[in-house]
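What follows is the residue order along each chain.
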Amino acid sequence: MDSFAEPRRPIDNTISLPDVRAQVHKLEADLREKNIPLSGRIIQVCHYLPVTCAFARRSRPADIPSPPATPPAKAADIPPSPVESEPADSTLPAPRGTAPDKDAPSQWSIAVRYGHSAMVSGIDSLAATHEQILVGWTGDIQASSTAVPPLAAQAASGPSDPSASKFPTSSLSEDDKKELETLLEDYKSRDEPQDGKKIHYVPVWLDDKDAHGHYDGYCKQTLWPLFHYLLWQDVATEYASADTHWAPYAAVNAAFARRVAEVYRPGDMVWIHDYHLLLVPSLLRQALPDVAVGLFVHTPFPSSEIFRCLPRRKEILDGMLGANLICFQTYSYSRHFTSSCVRVCGYEVTSRGGIDVQGHVAAIGYCPVGVDADRVAKDTLRPGIQPKLDALRALYEGKKIIVGRDKLDVVKGVVQKLRAFEKLLQDYPQWIGNVVLIQVTSPALTDSPKLERQVSEIVAHINGEYGSLDFIPVHHYHQTIKKDEFYALLSVADLGVITPLRDGMNTTSMEFVISQERTKKSPLILSEFMGISSTMTEALQINPWNLSEVAAAMHRGLTMSDEEKIRRHQQLYKTVTTHTSQTWAAMLTKMLLERLGSQNMARQTPFIPKGELEKHYLKAKKRLFLFDYDGTLAPIVKVPSAAVPTKETLQALEALTADPRNVVYIISGRDGEFLEQHLGHIKNLGMSAEHGGFIREPGQTTWSNFTESLDMSWMSEVLEIFKYYTERTTGSHIEVKKSSITWHYRSADPEWGLFQCHQCQDLLENNLARKRPIEVLVGKKNLEVRPLAVNKGEIVKRILYFNPDAEFVFCAGDDKTDEDMFRALLLFPNGATKARLDPPLSVTLLAGSKEEAEKYEPVDLAIEREAVFTTAVGHSSKRTLAVWHVTTPEEVVEHMLHLVSVAKESAAGASSNL
């Protein structure tokens, strides 16, 4: 998915919810036939639960020392006091070991949490087909003065009172928490299907300080600005560090991952939502290697040049790449993410556009979110709307009405909209006195007095410049308006104008289209920087920074013919009612199921079992160890010469070679000089260089060359081709070895380097490789050409041939060239129990003459199938011929050291028994 990839697919407006659900049902049936476990459950992981929680400590007279009894007073003598009605210990923890009285009123009350309506309605709709678990933070616990019936607040018309005091989470006992969890088990939202499957609400309990450092700190002060193309110093009022709140962000993500792991059952699918939880996929992958995880990012994702400014950029990307599928609102956001992975982390893009991280491939996709169109359509029929609609028509009779409704936030483009309206009145003076702009700005999460003042000044300027005693051009209301007023405003508009500078999904634009269905079918102006602009193509799309363009679009919208209005509206209405929140949720399920069925996930390579490894190692009289170097004993680095062995690696190799029963080889693509420089001092270590072109036997100092008898004249032709591409690819270089030649582009621009690599590969394979005995290998950021007769597999066969009495083989590698080694160790075809090996080419090539070569005969091997441990370094989903896997080079070294220590313990135990 680089710059040269194919363009995005067009949005399908013929899709329907029943069709998607039928496809989901079929996919699940197909997966079950393949014995891929599916539980029928989906775990939805969101920052907040869709409810607010209030707590009032239940009175506990038995726990409080009783004062002397007072004479009873008549009720009329003492008026009730609201202050005295609040328990004095409302923030004290409950005593441990006391169980709540089952007959007492609940200490908890819950109410609907408003916000994220599209996501919540999509999740609710999935209850028609799947059981779900919704994992989320409780939010701040509100302190109630008295306990109320637990579900009394479910029908509340708004969120809990923001002025209410907070109840500290640390003051809650385990019994208090269990009481809320039990209460949530009985909770059912109004939008859940009546005959649907159960949605279980599971709270995540967070420390208050961590919770606010996570949300108010890292999320709102670092990630949210960055994802909207603002750097943190642009929005902070004082010195800002992008790393200040990293610790609480990491802690909260870890708490979410632990909670999901607690409720997870094999076969569950997990969907994680938004930028608050970007580390959870990787944390879950570590805890549950086989889990099917999807991540949906609801916000925009910035270009790699913006994203790379983030100090914790690699941690964030690696956290996200733990998912099997990462989904965005639009194609462009997904492309920005892919570019960031390639440019910031150096990861490679697969042929299908996924990101390869040590063999684990994260697929990248996009799926636009919609609104609950049926719910919005019903809301527009509320009885309170029509009187307000009539009042607005009467108030602005004879005038065109432009409507805008935004949060007062720096990225919502309110300032640009007002300036564009002023430009309209300047460039098209016929509209003075004939058009009004009604702009509603709801308060943002964080107050911005500077922005409020700027907006007020612009409004006052326009009204002073173009207004009169009987005409006010701009009516600005900085307040949260009620639902009836909101839909009346959308319905009465002659033009909707929504001009964010950056936005993911904007529900107002979709609600505008649905509201206009029963009224004027008025046109809509949308910023091209919104995530939904790619789906709502019939809106008048503008660059909000270009004031003349926006003013011209306003004029065009106000003067548009009825025929064009109707045509545009019908197309927009079809899009909005087709791409709903319900369809979005079903599509995510379908996409993750498709990912589950892909070949990459169908076969998971199990982690190498230490117990089996120990057993066969101790039992064997002779053992073979065959290691690749780069990516197996040393991590891949940008500068190849910097990949030096660690102290632990050298210690492990020295210990293994010290045992006379072990035969140890390094089989690398490196040249002999590098291997001798870093490993040559280890006695009894065998080495093979240049992918099997040369070999140095254990205990010897000279190298044997397998290419002496081969035609190597092709190297000059390949060198000329590589020189051509090196001149055109800044940062690339050529490495000429004795038996092969490699073109490296690790330091080049990653997208251009990959494109040039594909071009060069195509030229070599379709021209030179057909005429010469060579093969072309695509490695990690390199392209290598080598003789056909020479590879790592031939060296493995040679070592086996000369050590037929070996009873244990451990072979580890990490890339495509190492698959030749694993292929050579497939010694037991079709269930055979004995292995027999013909003289390999790597033996006969060094024979000297044809007669000498013919003296070599097939040999019987002592090895058993269970004692061959072929091990791929990388993720379990990596496509490989290896039987086992480890994740990192450090784990290879760890296993080597473990075997050495086990052998020592076994020998010590044997000697003590004598």
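Rules used throughout
- Residues numbered from 1 in each chain as written.
- Predicted model: local features only at pLDDT ≥ 70, side-chain atom pairs only at ≥ 80, totals over all residues.
- Heavy atoms only, no water.
- Helix = DSSP H or I, 4+ residues; strand = E, 2+ residues; numbered from the N terminus.
- Buried < 20%, exposed > 50% of the residue type's maximum accessible area, 1.4 Å probe, protein only.
- Contact = heavy atoms within 4.5 Å.
- Areas by Shrake-Rupley, 256 points an atom, 1.4 Å probe, with all protein chains shown as cover.
- Pairing = 2+ DSSP bridges.
- Axes fitted to C-alpha atoms, helices over the stretch in contact; angles between N-to-C directions.
- Phe/Tyr/Trp six-rings, centres within 6.5 Å; stacked < 30°, edge-to-face > 60°.
- Lys NZ or Arg CZ within 6 Å of the ring centre and 35° of its normal.
- Polar contact = N/O pair within 3.5 Å; in protein donor to acceptor, adjacent residues only side chain to side chain.
- Core = buried A, V, L, I, M, F, W, Y, C linked by side-chain atoms within 4.5 Å.
- Salt bridge = Lys/Arg side-chain N within 4 Å of Asp/Glu carboxyl O.
- Parallel < 35°, antiparallel > 145°, perpendicular 65-115°, else oblique.
- Left-handed = near helix turned anticlockwise from the far one by under 90°.
- Nonpolar A, V, L, I, M, F, W, Y, C, P; charged D, E, K, R; others polar.
- pLDDT = per-residue confidence, 0-100.

**Details of the overall build of the protein**
Secondary structure assignment for the protein yields 30 helices and 33 strands. Per-residue burial for the protein yields a buried fraction of 53% across its 914 residues. The long-range share in the protein, meaning contacts at least 24 apart out of those at least 6 apart in sequence, stands at 77%. Here the protein has roughly 41100 Å² of accessible surface; of this, 52% comes from carbon and sulfur atoms.

**A short note on unusual backbone geometry**
Of note, the phi angle at Asn35 is positive, near 65°, even though the residue is not glycine. One can find Asn35 in the loop between α1 (17–33) and β1 (41–48).

**What to know about the sheet that holds strand β25 (residues 733–736)**
Overall, antiparallel pairing links the four strands, which are arranged β25-β26-β28-β27 in an open sheet. Both edges of this open sheet fall to β25 and β27 (774–778), since each of them pairs with a single strand only. Strand-to-strand twist of the sheet, defined as the mean angle between neighbouring strand axes without regard to direction, takes the value 15°. Pairing of strand β26 (residues 741–744) with strand β28 (residues 782–787) involves four bridges; the strand directions are antiparallel. Of the residues in β28, the one forming a bridge with Thr742 is Glu784. Contacting β25, β26, β27 and β28, helix α24 (residues 714–727) crosses the sheet at an angle of about 5° to β26. Its contacts with the sheet put helix α25 (residues 750–771) on β26, β27 and β28, and the angle it makes with β27 is roughly 165°.

**Regarding the packing of aromatic side chains**
The final tally for this structure, using the stated rule, is 33 aromatic pairs. A ring pair is formed by Phe808 and Phe869, whose centres lie 5.7 Å apart and whose planes are at 40°; its orientation type is tilted. Here Phe869 lies in strand β32 (residues 868–873) and Phe808 lies in strand β29 (residues 808–813), a separation of 61 residues in the sequence. Taking the relative accessible area as the measure of exposure, Phe869 reaches 1% and is therefore buried. The ring of Tyr617 is capped by Arg623, whose NZ or CZ atom sits 3.8 Å from the centre of that ring. The ring of Phe694 carries Lys738 above its face, with NZ or CZ at 5.7 Å from the centroid.

**Side note on the environment of Glu697**
Here Glu697 lies in the loop between β23 (694–696) and β24 (704–705). Aside from chain neighbours lying at most four places away, what touches Glu697 is Tyr665, Gly686 and Arg798. At 3.3 Å, the side chain of Glu697 and the side chain of Arg798 are in polar contact.

**A look at the nonpolar core**
A general trend in soluble globular proteins is that nonpolar side chains are found buried together. Within the largest apolar cluster, 84 residues are counted, with the highest numbers of intra-cluster contacts made by Trp108 and Met536. Here this core takes nine residues from helix α19 (residues 581–597), the largest share from any one element. In this structure, Met536 is in contact with Ser509, Met510, Val513, Leu524, Leu526, Gln541, Leu572 and Val576, ignoring residues within four places of it in sequence. Core analysis: the next-biggest nonpolar cluster, separate from the first, contains 63 residues, Ile133, Val263, Leu284 and Phe301 among them.

**What to know about helix α16 (residues 507–516)**
In terms of residue burial, α16 counts as a mostly covered element, since nine of its ten residues are buried. Looking only at α16, the buried set comprises Thr508, Ser509, Met510, Glu511, Phe512, Val513, Ile514, Ser515 and Gln516. On its buried face, α16 sits against α11 (373–379), β14 (400–407), α15 (483–492), β17 (495–498), β18 (524–527) and α18 (562–578). The N-terminus of α16 is capped by Asn506, whose side-chain oxygen sits 3.1 Å from the backbone nitrogen of Thr508.

**Observations concerning the sheet that holds strand β20 (residues 623–627)**
Sheet architecture is open: eight strands sit in the order β24-β23-β22-β21-β20-β29-β32-β33, paired in mixed fashion. At either margin of the open sheet sits one strand with a lone partner, and together these are β24 and β33 (884–886). As paired strands, β20 and strand β21 (residues 662–667) are joined by five bridges and run parallel to one another. Residue pairing for β21: Phe625 is matched across the bridge by Val664. Packing of helix α23 (residues 672–679) onto the sheet brings it into contact with β21, β22 (685–689) and β23, and relative to β22 it is tilted by some 155°. Against the sheet, helix α26 (residues 792–802) makes contact with β20, β21, β22, β23 and β29, and its axis sits at roughly 165° relative to β21, the strand it touches most.

**Description of the pattern of salt bridges**
Taken as a whole and assessed by the stated rule, the structure comprises 40 salt bridges. Lys520 is the partner of Asp494 in a salt bridge, and the nearest nitrogen-oxygen pair spans 2.9 Å. Residue Asp494 is located in the loop between α15 and β17, and its partner Lys520 is located in the loop between α16 and β18; the two are separated by 26 residues in the primary sequence. Relative accessible area serves as the criterion here: at 9%, Asp494 is assigned to the buried category. On the basis of relative accessible area, Lys520 is assigned to the partly exposed category, the value being 34%. Measuring nitrogen to oxygen at the nearest pair gives 3.3 Å for the salt bridge that ties Arg696 to Glu676. With Arg696 in strand β23 and Glu676 in helix α23, this pair connects stretches of sequence that are 20 residues apart. The class of Glu676 is partly exposed, set by a relative accessible area of 32%.

**Considerations on the packing of α16 against α18**
Viewed as axis vectors pointing N to C, α16 and α18 meet at an angle of 120°, and their least axial separation amounts to 9 Å. The angle between α16 and α18 places the two elements in the oblique class. Where α16 crosses over α18, the handedness of that crossing is left-handed. Contacts between α16 and α18 involve Met510, Val513, Ile514 and Gln516 from the first element and His569, Leu572, Tyr573 and Val576 from the second.

**Quick word on the environment of Ser121**
Mapped onto the elements of the fold, Ser121 is located in helix α2 (residues 117–126). Judged by relative accessible area, which is 6%, Ser121 ranks as buried. Ser121 sits 68 residues away from Ser189 along the chain, and the two C-alpha atoms are 9.7 Å apart. Residues contacting Ser121, with those up to four places away along its chain left out, are Asp372 and Ser581.

**Observations concerning the side chain of His214**
Assignment of secondary structure puts His214 in helix α4 (residues 208–227). Residues in contact with His214, not counting those within four places in the same chain, are His47, Cys219, Pro248, Tyr249, Val252, Asn253 and His276.

**Brief notes about the environment of Arg879**
Relative to the helices and strands, Arg879 resides in the loop between β32 and β33. Looking at Arg879, the relative accessible area reads 56%, which means it is exposed. Between the C-alpha atom of Arg879 and that of His360, which follows or precedes it by 519 residues, the distance is 9.1 Å.

**Considering the packing of helix α9 (residues 313–320) against helix α10 (residues 331–344)**
Between α9 and α10, the shortest axis-to-axis distance is 11 Å and the interhelical angle comes to 125°. Here α9 is positioned oblique relative to α10, judged by the angle of their axes. The hand of the α9/α10 crossing is left-handed. Where α9 abuts α10, its residues Arg313, Leu317 and Met320 lie against Phe337, Ser340, Cys341 and Val344. The residue makeup of the contact of α9 with α10, split by class, is five nonpolar, one polar and one charged.

**Details of the confidence of the model for the protein**
Of all residues in the protein, 88% attain a pLDDT of 70 or more, and the chain-wide mean is 85. Here residues 1–7 is a poorly scored stretch, pLDDT under 50, and it has 16 contacts once near neighbours within four places are set aside; other chains count. Every residue in residues 147–163 is under pLDDT 50, and counting partners more than four places away or in other chains gives 33 contacts.

**What about the side chain of Thr649?**
Turning to its location among the elements, Thr649 is positioned in helix α22 (residues 647–658). Here Thr649 falls in the buried class, since its relative accessible area comes to 1%. A polar side-chain atom of Thr649 sits 3.5 Å from the main-chain carbonyl oxygen of Leu633.

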